[in-house]
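Structural description and commentary
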Protein chains: 2
Amino acid sequence: MYNFPSRLLENAVNELAKLPGIGRKTALRMALHLLRTPPEEVEAFGASVVKMRQEVIYCSRCKNISDKELCDICANPKRDSSTVCVVEDIRDVMAIDNTGQYTGVYHVLGGIISPIEGIGPQDLNIGSLIERASSGEVKEIILALPTTIEGDTTNFYLFKKLNPMKITISMIARGVSIGDELEHTDEVTLGRSILNRTPYEGMK
Amino acid sequence: MYNFPSRLLENAVNELAKLPGIGRKTALRMALHLLRTPPEEVEAFGASVVKMRQEVIYCSRCKNISDKELCDICANPKRDSSTVCVVEDIRDVMAIDNTGQYTGVYHVLGGIISPIEGIGPQDLNIGSLIERASSGEVKEIILALPTTIEGDTTNFYLFKKLNPMKITISMIARGVSIGDELEHTDEVTLGRSILNRTPYEGMK
């Protein structure tokens with residue numbers, strides 16, 4: 001694309017372009033921004049990502065990113081540890097906890113099964129989920145994975161593993177988003193929302 | 001927005017969100033990507049930007065980013081050093097050089113005058129441009145700054161400074177982009193392209 005006049009700049013652009021969603025043009029814009037930033041701030045920037053990568057730990061129970069051996073959610077006695085919500089990654093934990101509607105605990109898989117990306121069950125925190133489920137403490141497992149083919153595949157894999165145990169297995173509701181116009185809802189969602197209709201219980 | 005379960009993650013997200021055009025959501029996606037990247041690659045990432053910031057130098061003549069005291073363009077005896085193209089930053093040097101239409105040299109201002117962003121003439125490489133222009137070696141200065149109010153302001157400022165010297169001052173042509181439909185060209189560009197029409201010289 002370009003002949004960079006500096007190897008140092010080129011290296012930095014190549015590294016920045018490895019970030020997800022960042023092309024070489026954006027990476028160059030970032031590198032030029034960093035060149036206008038005081039050196040000590042650029043050092044703090046570099047150090048923060050390296051330190052995170054080297055020192056971050058994962059909760060021994062739910063596998064969420066944490067600074068402690070047991071994360072704040074798992075360690076909170078007010079959370080219902082008999083209900084476990086299975087999610088793909090930390091963003092889902094934060095999103096669900098942000099709703100204020102959930103008082104149970106989580107289990108972070110660290111990804112979902114994706115043959116295309118070469119991610120199999122052995123690459124995910126599934127063994128530790130089975131272990132938790134078979135400990136006798138868990139009553140319900142809520143599958144809250146993405147509503148994609150990969151999410152459905154992972155749901156089905158987990159269902160097969162968890163079904164023999166005496167545990168309620170549920171799945172987050174799928175349907176028309178609240179506030180959405182029906183005409184703007186995609187066909188698959190709309191079709192399924194009719195098939196999977198629920199009893200009307202009046203205004204809530 | 002979110003309560004991060006890890007201070008290390010939060011720090012890295014805050015730092016990544018300082019990059020231009022990156023919000024906290026994207027920064028979190030980047031941080032999670034880095035957590036899945038081997039530690040030695042994250043170290044190379046961090047080191048590349050810090051090294052660039054610490055070690056990059058600027059060409060002593062044209063102020064472009066360079067690894068050498070005199071950049072490859074300024075050091076190239078085949079380039080016409082009597083024609084100097086004034087640009088905002090290195091991206092413009094690369095874009096213009098990529099066209100293969102320009103054989104002169106450059107002068108990189110490192111920005112343009114922008115009262116809103118608090119950037120005045122003293123923050124730019126203007127003193128060194130005046131010095132080059134008054135050395136007697138320069139015959140023409142081509143202003144190739146953005147076609148914005150800030151670009152026009154900077155053009156006018158430079159014109160006032162350079163006009164007393166015996167130098168041709170020109171500006172890159174402005175008009176309808178080649179390959180564009182007239183109906184899709186903005187009004188200002190189209191209006192000016194009629195006012196500033198040029199003699200028709202047949203097919204080139």
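Residues numbered from 1 in each chain as written. Chains lettered and ligands numbered in written order. Predicted model: local features only at pLDDT ≥ 70, side-chain atom pairs only at ≥ 80, totals over all residues.

**Overview of the overall build of chain A**
Definition in use: Helix and strand definitions follow DSSP, with helices as H or I runs of at least four residues and strands as E runs of at least two, each counted in order from the N terminus. Exposure classes come from backbone-placed C-beta atoms, where a residue is buried if 20 or more other C-beta atoms lie within 10 Å of its own, exposed if 12 or fewer do, and partly exposed in between. By the criterion used throughout, residues are in contact when their C-beta atoms, derived from the backbone, lie within 7 Å.
In terms of helices and strands, chain A carries eight helices and six strands. Counting helices and strands in the order they occur from the N terminus, chain A gives α-α-α-β-β-α-β-α-β-α-β-α-β-α. A principal-axis box enclosing the C-alpha atoms of chain A has dimensions of 65 × 45 × 35 Å. In chain A, which comprises 204 residues, the share counted as buried stands at 30%. Partitioning the intrachain contacts of chain A with sequence separation of at least 6 by distance along the chain shows that 45% fall at a separation of at least 24.

**Thoughts on the packing of helix H1 (residues 7-16) of chain A against helix H3 (residues 39-55) of chain B**
Condition: Angles shown run from 0 to 180 degrees and are taken between the N-to-C directions of axes, each axis being a line fitted to C-alpha atoms and, for helices, limited to the stretch in contact. Here roughly perpendicular refers to angles of 65 to 115 degrees, roughly parallel to angles under 35, roughly antiparallel to angles over 145, and oblique to all remaining angles. In this scheme the handedness of a crossing depends on how the near helix is turned from the far one: anticlockwise by less than a right angle means left-handed, clockwise means right-handed. Residue polarity is assigned by list, with Asp, Glu, Lys and Arg as charged and Ala, Val, Leu, Ile, Met, Phe, Trp, Tyr, Cys and Pro as nonpolar; anything else, Gly included, falls into the polar class.
It is at 9 Å that the axes of H1 of chain A and H3 of chain B come closest, and there the two elements cross at 150°. By the angle between their directions, the pair H1 of chain A and H3 of chain B is classed as roughly antiparallel. Crossing of H1 of chain A against H3 of chain B: the hand is left-handed. Two secondary-structure elements touch here, H1 of chain A through Leu 8, Leu 9, Asn 11, Ala 12 and Glu 15 of chain A and H3 of chain B through Ala 44, Phe 45, Ser 48, Val 49, Lys 51, Met 52 and Glu 55 of chain B. Class assignment of the residues belonging to the contact of H1 of chain A with H3 of chain B gives a composition of seven nonpolar, two polar and three charged.

**Thoughts on the relation of the copies chain B and chain A**
Rules: Least squares is used to superpose the copies, and the fit set is the C-alpha atoms of residues whose pLDDT is at least 70 in both copies.
The operation relating chain B to chain A is a screw motion whose rotation component is 180°, with 0.0 Å of axial translation and a residual RMSD of 0.1 Å. What the superposition gives is, in effect, a two-fold axis relating one chain to the other. Minimal C-alpha distance to the rotation axis in chain B is attained by Gly 46 of chain B, lying at 2.1 Å. The residues that chain B uses at the interface reappear at the interface of chain A in 100% of cases, marking a shared surface.

**Focus: helix H3 (residues 39-55) of chain A**
Our working rule: Take the number of residues in a helix, subtract one, and multiply by 1.5 Å to get its expected span.
Over its 17 residues, H3 of chain A runs 24 Å from end to end, which matches the ideal 24 Å to within 8%, given 1.5 Å per residue. Taken as a whole, H3 of chain A has its buried residues at Val 42, Phe 45, Gly 46, Ser 48, Val 49, Val 50, Met 52 and Arg 53 of chain A. Packed against the buried residues of H3 of chain A are helix H2 (24-35) of chain A together with helix H1 (7-16), helix H2 (24-35) and H3 of chain B.

**Looking at the pairing of strand E4 (residues 104-108) of chain B**
Residue and element names in this part refer to chain B. To keep things clear, this is the line we draw: Two strands are said to pair when DSSP picks up at least two bridges between them.
With four of its five residues buried, E4 lies for the most part within the structure. Where strand E3 (residues 80-87) and E4 come together, five bridges link them in parallel fashion. Each residue of the ladder has a partner; that of Asp 80, found in E4, is Gly 104.

**Side note on the interface of chain B and chain A**
Listed as interface residues are 49 residues of chain B and, on the opposing side, 49 residues of chain A. Secondary-structure elements contributing two or more residues to the side of chain B that touches chain A are H1, H2, H3, strand E2 (65-66) and helix H5 (90-98) of chain B. No other element matches the 15 residues that H3 of chain B contributes to the side of chain B that touches chain A. Taken together, the residues that form the side of chain B that touches chain A break down as 26 nonpolar, eleven polar and twelve charged.

**Section: the confidence of the model for chain A**
Just so we agree on the cut-off: pLDDT is a residue-level measure of predictor confidence that goes from 0 to 100.
Confidence in the prediction for chain A averages 91 pLDDT; 98% of positions are at 70 or higher. Model confidence for the complex is summarised by a pTM of 0.79, with the ipTM given as 0.81.

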